[in-house]
Amino acid sequence: MQQIARIAGVSVTTVSHVLSGNRPVSPRTAERVNAVIQRYDYVPVSAARRLKNGRGGLIALVVPDLTISYFAHVAKGVERAAEAAGLGVIICSVSLNAPRRHLDLVREGTVDGIVHLAYNQQLDREIVALSADYPVVIADEELPDTTTIPTVTADNLHGGRLIGEHLASLGHRRALVIAGPESLVSSSQRVVGVREKLPKALVLRGEFTADAGYRLVDEALASGLRFTCIAAANDDQALGALRRLREAGIDVPGDMSITGFDDGAVADAVGLTTVRQPAVDMGVRACELLIEKIQEMSSASEKPMPASIEMLPVELIVRRTTGPAPKQ
């Protein structure tokens, strides 16, 4: 903005008034400033936008790992809702040891708020603390013992039940559950749901990755565990497990049935039976709630938006990887 002012021969304040439209500027001066802006393809940044509405026009989406296809679909939903509202999205893919730059972005006012996909306890605690003063919405993962932050998640318990009911209806009794980290509410709920119909299911835990699915099935086979079906915590785990079964010469679904959870594009391609989560819809709704939260906090409303947990429905998608339990 300072460069535009110098080239146009006006003050920075005058450039700000031209950009924001909040104060009158003589037509000749405005024309000169706009000519410079067009000549140099100047795009107003968040500081200029804040002159108009007190906000930066950007939100941050914090995701654990964009290589996990499910998170990418949630991100797509957030971007769709943000675009409809005229907002930009900064995507921050973080790990436990990564710098917390996204937290500084909201403190500095560069972004107006955060949609946070909870995944590790340390970062989650920092987000909860941040939410006392800044707009935050949780997506996908419900945080335990937290009722102060609006949250959008899927019905993971029901999803687990659908898997358990489907496998039990096919005659399976000896199941292996490949679960996610125990600290995650979604992982625990899925296990509980499966075990309602398959109470003797064995449980092994790992990350939500194909490598983890492959490794856990490899360990189960090496240990001589007996099972006729695998209920994986997500599609990525299921794909890794499926690869290990095929390497071992185990026919799917003739000798072993396997299910996933999420229903990403790859699940359809390989014919994976899975639970469909409304990932895009979840991202859209989380962004809508964040916009409401931003408006509420910027207006210092005496009636704050109630923190609630919105649970979106899931459905079972039956494909080629599940079949009747093999006869003993």
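Scroll up for the structure.
Here goes a summary of the coordinates provided. Since the model is a prediction, treat every value here as computed from it, not as a measurement. (Residues numbered from 1 in each chain as written. Predicted model: local features only at pLDDT ≥ 70, side-chain atom pairs only at ≥ 80, totals over all residues. Heavy atoms only, no water.)

**Digging into the packing of aromatic side chains**
As enumerated under the stated definition, the model contains 1 aromatic pair in all. With 6.0 Å between their ring centres and 55° between their planes, Tyr-70 and Phe-71 make a pair best called tilted. Pair check on accessibility: Tyr-70 and Phe-71 agree, each one buried. (Phe/Tyr/Trp six-rings, centres within 6.5 Å; stacked < 30°, edge-to-face > 60°. Buried < 20%, exposed > 50% of the residue type's maximum accessible area, 1.4 Å probe, protein only.)

**As for the side chain of Thr-322**
Structurally, Thr-322 is set in the segment after β12 (315-317). You can call Thr-322 buried: its relative accessible area is 10%. Residues in contact with Thr-322, not counting those within four places in the same chain, are His-166, Leu-167, Leu-170, Pro-253, Ser-257, Ile-258, Thr-259 and Thr-273. (Helix = DSSP H or I, 4+ residues; strand = E, 2+ residues; numbered from the N terminus. Contact = heavy atoms within 4.5 Å.)

**Remarks on the nonpolar core**
Core analysis: the largest hydrophobic core is formed by 48 residues, its most contacted members being Val-115 and Leu-117. For this core, the element with the highest residue contribution is helix α13 (residues 279-298), accounting for 10 residues. Not counting residues within four places of it along the chain, the set of residues in contact with Val-115 comprises Ala-60, Leu-61, Val-62, Val-78, Val-137, Ala-139, Ala-286, Cys-287 and Leu-290. (Core = buried A, V, L, I, M, F, W, Y, C linked by side-chain atoms within 4.5 Å.)

**Thoughts on the pairing of strand β1 (residues 58-63)**
Most of β1 is tucked away: 6 of the 6 residues are buried. The alternating pattern of β1 places Leu-58, Ala-60 and Val-62 on one face and Ile-59, Leu-61 and Val-63 on the opposite face, and all of these are buried. As judged from the 6 bridges shared by β1 and strand β2 (residues 88-93), these two strands associate in the parallel manner. When the sheet's bridge partners are listed, Ile-59 is paired in β2 with Val-89. The parallel pair β1 and β2 is bridged by helix α5 (residues 69-84), and the resulting crossover is right-handed. In this structure, β1 lies alongside strand β3 (residues 114-117), joined through 3 bridges in parallel fashion. Across the sheet, the residue bridging to Leu-61 is Val-115, located in β3. (Pairing = 2+ DSSP bridges. Right-handed = clockwise from strand over helix to strand, strands pointing away.)

**Digging into the sheet that holds strand β4 (residues 136-140)**
As summarised here, the arrangement of the 6 strands in space is β2-β1-β3-β4-β5-β11, forming an open sheet in which the pairing is parallel. Unpaired on one side and paired on the other, β2 and β11 (309-312) mark the two borders of the sheet. On average, each strand axis in the sheet is inclined to that of its neighbour by 20°, with strand direction left out of account. Contacts between α13 and the sheet are confined to β1, β3, β4, β5 (151-154) and β11, with β4 contributing the most and set at about 170° to the helix. (Axes fitted to C-alpha atoms, helices over the stretch in contact; angles between N-to-C directions.)

Any link to function would need more than the numbers given here.
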